[in-house]
Amino acid sequence: MSTPKIKGIVEEMVRSFLDEHNFELVDVEYVKEGSNYFLRVYVDKEGGIDIDDCGMISEYLSQKLDENDPIPTAYFLEVSSPGAERPLKKSEDVAKAVGKDVFVTVYEAVDGQKEFEGRLLSFENDELVISVGKKQHTIPYAKVASARLAIIF
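Here the structure is a predicted model, which means the values were calculated and not measured. (Residues numbered from 1 in each chain as written. Predicted model: local features only at pLDDT ≥ 70, side-chain atom pairs only at ≥ 80, totals over all residues. Heavy atoms only, no water.)

1. What to know about unusual backbone geometry
For Asp69, which is not a glycine, the phi torsion comes out positive at approximately 45°. Among the secondary structure elements, Asp69 is positioned in the loop between α2 (51-68) and β3 (76-80). Residue class for Asp69 comes out exposed when judged on its relative accessible area of 57%. The residue Asn125 is not glycine, and still its phi comes out positive at about 50°. Along the chain, the position of Asn125 falls in the loop between β5 (113-124) and β6 (127-132). (Helix = DSSP H or I, 4+ residues; strand = E, 2+ residues; numbered from the N terminus. Buried < 20%, exposed > 50% of the residue type's maximum accessible area, 1.4 Å probe, protein only.)

2. Comments concerning the environment of Met56
Among the structural elements, Met56 can be located in helix α2. Along the chain, Met56 and Leu88 lie 32 residues apart, while their C-alpha atoms are 24 Å from each other. Residues within four places of Met56 in sequence aside, it is in contact with Phe17, His21 and Phe23. (Contact = heavy atoms within 4.5 Å.)

3. With respect to the pairing of strand β2 (residues 36-44)
By the criterion of burial, β2 is predominantly enclosed, with seven of the nine residues buried. With nine bridges joining them, strand β1 (residues 24-33) and β2 adopt antiparallel strand pairing. In the strand pairing of β2, Tyr30 is matched with Leu39. From the end of β1 to the start of β2, which pair antiparallel, there are two residues, and Gly34 there has a positive phi angle of about 65°. Strand direction decides the pairing type here: β2 and β3, joined by five bridges, are parallel. Pairing of Phe38 across the sheet is with Phe76, part of β3. Following the backbone out of β2, through α2 and into the adjacent parallel β3, one traces a crossover that is right-handed. (Pairing = 2+ DSSP bridges. Right-handed = clockwise from strand over helix to strand, strands pointing away.)

4. Concerning the packing of aromatic side chains
Any pair of aromatic rings gets described here by the distance separating the centres and the angle formed by the planes. All chains considered together, the criterion is met by four aromatic pairs. Taking 5.4 Å as the distance between ring centres and 65° as the angle between the ring planes, the aromatic pair formed by Phe123 and Tyr141 counts as edge-to-face. Of the two residues, Phe123 sits in strand β5 while Tyr141 sits in the loop between β7 (135-140) and β8 (144-149), which places them 18 residues apart along the sequence. We classify Phe123 as buried; its relative accessible area is 17%. A relative accessible area of 22% places Tyr141 in the partly exposed class. Over the ring of Phe38 we find Arg40; its NZ or CZ atom is 4.6 Å from the centre of that ring. (Phe/Tyr/Trp six-rings, centres within 6.5 Å; stacked < 30°, edge-to-face > 60°. Lys NZ or Arg CZ within 6 Å of the ring centre and 35° of its normal.)

5. Overview of the nonpolar core
With 21 residues, the main nonpolar core has Val10, Leu18, Val43 and Ile57 as its most contacted residues. Among the elements of the structure, α1 (3-20), β1, β2 and α2 are those that each provide at least two residues to this core. Ranked by the residues each element gives to this core, the list is headed by α1, at six residues. Ignoring any residue separated from it by four or fewer positions in sequence, one finds Leu18 in contact with Phe23, Leu25, Val43 and Ile57. Among the nonpolar cores identified, the runner-up in size contains 16 residues, and Val106, Val110, Leu128 and Ile139 belong to it. (Core = buried A, V, L, I, M, F, W, Y, C linked by side-chain atoms within 4.5 Å.)

The following block contains the structure:
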């Protein structure tokens, strides 16, 4: 079974439970590392998520996965917070990050650069405006390869 199909099945399995408990599904990964497969579910909520939250979600999802058995190979299930440098996977995530520090990479150079780390000033009309030092860069959302929150020292 393909990775996107597994991700979709897992998202569908856990979404109503997360919504019911006011959690946000940030991302699902199904990856092979060395000889092992990992199913990672990243979850967040207002004010942050703790170990008890992760345990509750893990127990629920583990039971659902055992009942439905959608993954043909052995794997390790991990449920965790996306961390302080959480990925911004969807346009809604980017919109929520306005006013925060971000790290963005692009598929094609913008203003001669492919990486930007700075304050996200706005996200309107499918364009990000990022302040890096004294410069502002306008980046079309369609050119964004990856984006995440950043901790800038």
